[in-house]
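The residues making up each chain are set out below.
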Amino acid sequence: MEKSIIGKIGRNDPCICGSGKKYKKCCMNTQKNRNFKKEYMDKYNIILKDSQQIEGIKKSGRLLLSILDKVEKIIEPGITTNMINDLVHEEHVRSSAIPAPLNYRGFPKSVCTSVNEVICHGIPSDRILNKGDIVNVDITPILNNYYADASKTFFVGTPTRDGRKIVDIAKEALKRGINAVKPGATLGDIGFVIQNYAESLGCSVVREFVGHGVGINFHEQPQVLHYGTRGNGIKLVPGMVFTIEPMINLGKKELHVLDDNWTAVTDDNSLSAQFEQTILVTPTGCESLTPFEL
Ligand code: MF3
Ligand code: CO
Ligand code: CO
């Protein structure tokens, strides 16, 4: 039998529906007290995670962060994105983990490395990184069958003004998205705060790629849009695990995919940056399962 995290809510805790009332005065004794686990599976195909699954995803997340730290240390002008791939691949093997991107829908490498105007899904190659470039490194280990998914955008040497600007904005966009996560909030609330922030600074939010449920599989339900309207979309409940990974462009939001069928590039060649974390909805708010400072 799986033990749901729902079982951890105390009678006197704030109700998971977000009403602000005590659980015992709200959903605990009313017909609103549904079996979220079954309801979310039946209605949305969303796998609410139990405490054992959360522990597994957390361990995968810890490995991910240790690899990301090692990547950061080798990033400097003159290295190639293949060198990042080799390091990431070796670190997975060393920890008996599998890099989920490798052979995923035909993706040929173990990590995505997206440079400058590349929005996401950049394929590691012999491309040399130059001073002033920005590079997103997106890692997804499968450790003991559990997936964690996170990415950071790094500066190569001294950043340009535009490079610093778009990286700072993408980072803050993720931070604001995470801060919107709590039981009773909706997916639309997350998208709204991200879009509102990025567009207020003259930047744009990519529409074609979205965050996603994660943990048992690479890409699960729900889809997490990085734009939207307050109050719209599925209500967040404890046990949901999904990524937030806004891709923010310095110019326009339109993109095209290169002939390799993976590399997504801004149409106007403006810089694009992204940060991603795997987030768990808890009874009181949320917890990052891939925590790093934002
Ligand atoms: N890690 C990406 C994400 O955040 C997905 C990469 S798919 C790949 O969802 F095949 F390109 F690796
Ligand atoms: Co992701
Ligand atoms: Co990712």
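All of the points below concern the structure found in this document.

Analysis parameters
- Residues numbered from 1 in each chain as written.
- Chains lettered and ligands numbered in written order.
- Predicted model: local features only at pLDDT ≥ 70, side-chain atom pairs only at ≥ 80, totals over all residues.
- Heavy atoms only, no water.
- Pairing = 2+ DSSP bridges.
- Helix = DSSP H or I, 4+ residues; strand = E, 2+ residues; numbered from the N terminus.
- Axes fitted to C-alpha atoms, helices over the stretch in contact; angles between N-to-C directions.
- Contact = heavy atoms within 4.5 Å.
- Donors = N, O, S within 2.8 Å, 3.2 Å for Na, K, Ca; no water.
- Tetrahedral: all angles 85-135°; square planar, octahedral: opposite > 155°, others 65-115°.
- Buried < 20%, exposed > 50% of the residue type's maximum accessible area, 1.4 Å probe, protein only.
- 1 Å grid on protein atoms, 1.4 Å probe; cavity = no way out; pocket = protein on both sides within 12 Å on 5 of 7 lines; lining within 4 Å.
- Points joined across faces, edges and corners; volume = space filled by probe spheres on them.
- Nonpolar A, V, L, I, M, F, W, Y, C, P; charged D, E, K, R; others polar.

This part takes up the sheet that holds strand β7 (residues 150-155). On the basis of which strands lie adjacent, the open sheet formed by three strands has the order β2-β4-β7 and antiparallel pairing. Each of the sheet's edge strands pairs with one partner strand only, and the pair in question is β2 (112-115) and β7. Along the sheet, successive strands turn relative to each other by an average axial angle of 20°, direction set aside. Bridge analysis of strand β4 (residues 134-139) against β7 gives six bridges, and the strand direction is antiparallel. Bridge assignment links Val137 to a residue of β7, and that residue is Lys152. Here helix α2 (residues 51-74) sits on the sheet in contact with β4 and β7, set at roughly 15° to β7.

Glancing now at the coordination of the cobalt ion (ligand 3). Each pair of donors in an ideal octahedron of six around a metal sits at 90 or 180 degrees, and each pair in an ideal tetrahedron of four sits at 109.5 degrees. Surrounding the cobalt ion (ligand 3) are the protein donor atoms Asp138 (OD), Asp138 (OD), Asp149 (OD) and Glu276 (OE), which sit 2.1 to 2.4 Å from the metal. Around the cobalt ion (ligand 3) sit six donor atoms; with metal-centred angles ranging over 58 to 164°, the donor geometry is irregular. We note that the donor set of the cobalt ion (ligand 3) lies within a single chain, spaced as D-x10-D-x126-E. In this structure, the cobalt ion (ligand 3) lies 3.3 Å away from the cobalt ion (ligand 2), the two metals sharing Asp149 as a donor. Placement of Asp138 in strand β4 and of Glu276 in the loop between β15 (272-274) and β16 (277-281) is noted, with a sequence separation of 138 residues between them. There is no split in this pair, since Asp138 and Glu276 are both buried.

With that out of the way, let us pick up the layout of surface pockets. A volume near 520 Å³ is recorded for the largest pocket. Taken together, 26 residues make up the lining of the largest pocket; nearest its centre are Tyr104, His121, Val210, His212 and His219. Counting only elements with at least two residues in the lining of the largest pocket, the list comes to β9 (211-213) and β10 (220-224). Tallying contributions element by element places β10 first for the lining of the largest pocket, with four residues. Among the residues forming the lining of the largest pocket, the class breakdown is eleven nonpolar, eight polar and seven charged. Glu72, Ile75, Lys152, Thr153, Phe154, Phe155, Val167, Asp168, Lys171, Phe275, Phe292 and Glu293 are the residues that line the second largest pocket. When contributions to the lining of the second largest pocket are tallied by element, the ones reaching two or more residues are β7 and α4 (161-179). By residue class, the composition of the lining of the second largest pocket is six nonpolar, one polar and five charged.

We now examine the pairing of β2. Because side chains alternate across β2, one face comprises the buried residues Cys112 and Ser114, and the other comprises Thr113 and Val115, equally buried. In terms of strand pairing, β2 meets β4 through four bridges, oriented antiparallel. Bridged to Cys112 within β4 is Asp138.

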